[in-house]
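# Close look at the chain arrangement
In case you want the letters, here they are:
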Amino acid sequence: MSLKEYENLAQGEKLSLDTVLANLKTDEHGLIAAIAQQHDTGEVLMLAYMNDKSIRETLETGQVCYWSRSRQTYWRKGESSGHRQTLVSMSFDCDGDAILIQVDQKGPACHTNRRDCFFFTVEGNEVVIKSAPQ
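Residues numbered from 1 in each chain as written. Predicted model: local features only at pLDDT ≥ 70, side-chain atom pairs only at ≥ 80, totals over all residues. Heavy atoms only, no water.

### Points about the nonpolar core
For the record, the criterion: The nonpolar core is taken to be a set of buried Ala, Val, Leu, Ile, Met, Phe, Trp, Tyr and Cys residues, with the residues joined through side-chain atoms within 4.5 Å. Relative accessibility thresholds used throughout: buried, under 20% of the residue-type maximum; exposed, over 50%; partly exposed, between the two (1.4 Å probe, protein chains only). Secondary structure is summarised from DSSP: a helix means a run of H or I of at least four residues, a strand means a run of E of at least two, and numbering begins at the N terminus for each. Any pair of residues with heavy atoms lying within 4.5 Å of one another is described as a contacting pair.
In this structure, Leu24, Met46, Met50, Ile55, Tyr66, Ile99 and Ile101 are the most contacted members of the largest nonpolar core, which totals 20 residues. The set of elements that each furnish at least two residues to this core consists of helix 1 (17-22), strand 1 (32-38), strand 2 (44-50), strand 5 (85-92) and strand 6 (98-105). Here this core takes 4 residues from strand 2, the largest share from any one element. Setting aside its immediate chain neighbours within four residues, isoleucine 55 contacts Leu21, Leu24, Ile32, Met50, Met90 and Ile99.

And the structure:
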């Protein structure tokens with residue numbers, strides 16, 4: 001199944017969360033890409049992965065929870081650094097293969113201590129580091 005069958009619903013119509021989660025396109029490990037965006041500035045902060053359990057935990061607690069592919073465990077953003085992400089809203093794209101999480105980011109979002117993870121910027125034939133750690 002997919003979200004395709006629901007794309008012609010009118011504005012304001014509703015689906016159950018269970019229906020949408022059951023129709024997400026996840027990889028073989030049950031993971032889906034999640035983009036974190038600062039809710040008030042539109043700044044794209046990072047890309048991580050979520051699964052059904054981390055999505056539900058995020059919605060229940062308001063504290064963003066991801067699945068760490070490298071550590072193979074749940075990762076509550078800011079748990080050790082204090083640089084927390086508080087959920088403002090969650091949306092799913094039309095194909096059901098990505099999540100947009102609008103957050104209130106406290107401190108840097110990147111493990112390098114930069115505001116965002118997208119600091120390698122292409123300029124012509126070079127890649128320039130666009131920001132310094134905070």
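### Some points on the pattern of salt bridges
Quick reminder of the rule: Salt bridges are identified by distance alone: a Lys or Arg side-chain nitrogen within 4 Å of an Asp or Glu carboxyl oxygen.
Within this structure, the stated rule accounts for 6 salt bridges. The residue arginine 76 makes a salt bridge to glutamate 57 at a minimum N-O spacing of 2.6 Å. Residue arginine 76 is found in strand 4 (residues 73-76), and its partner glutamate 57 is found in helix 2 (residues 52-61); the two are separated by 19 residues along the sequence. Looking at glutamate 57, the relative accessible area reads 16%, which means it is buried. Between aspartate 104 and lysine 106 there is a salt bridge, with its nearest N and O atoms 3.0 Å apart. Accessibility expressed as a relative area gives 22% for aspartate 104, which makes it partly exposed. Each of the salt bridges in this network shares a partner with another, and the network as a whole consists of Asp18, Asp52 and Arg56.

The values are spatial; any link to function lies outside them.
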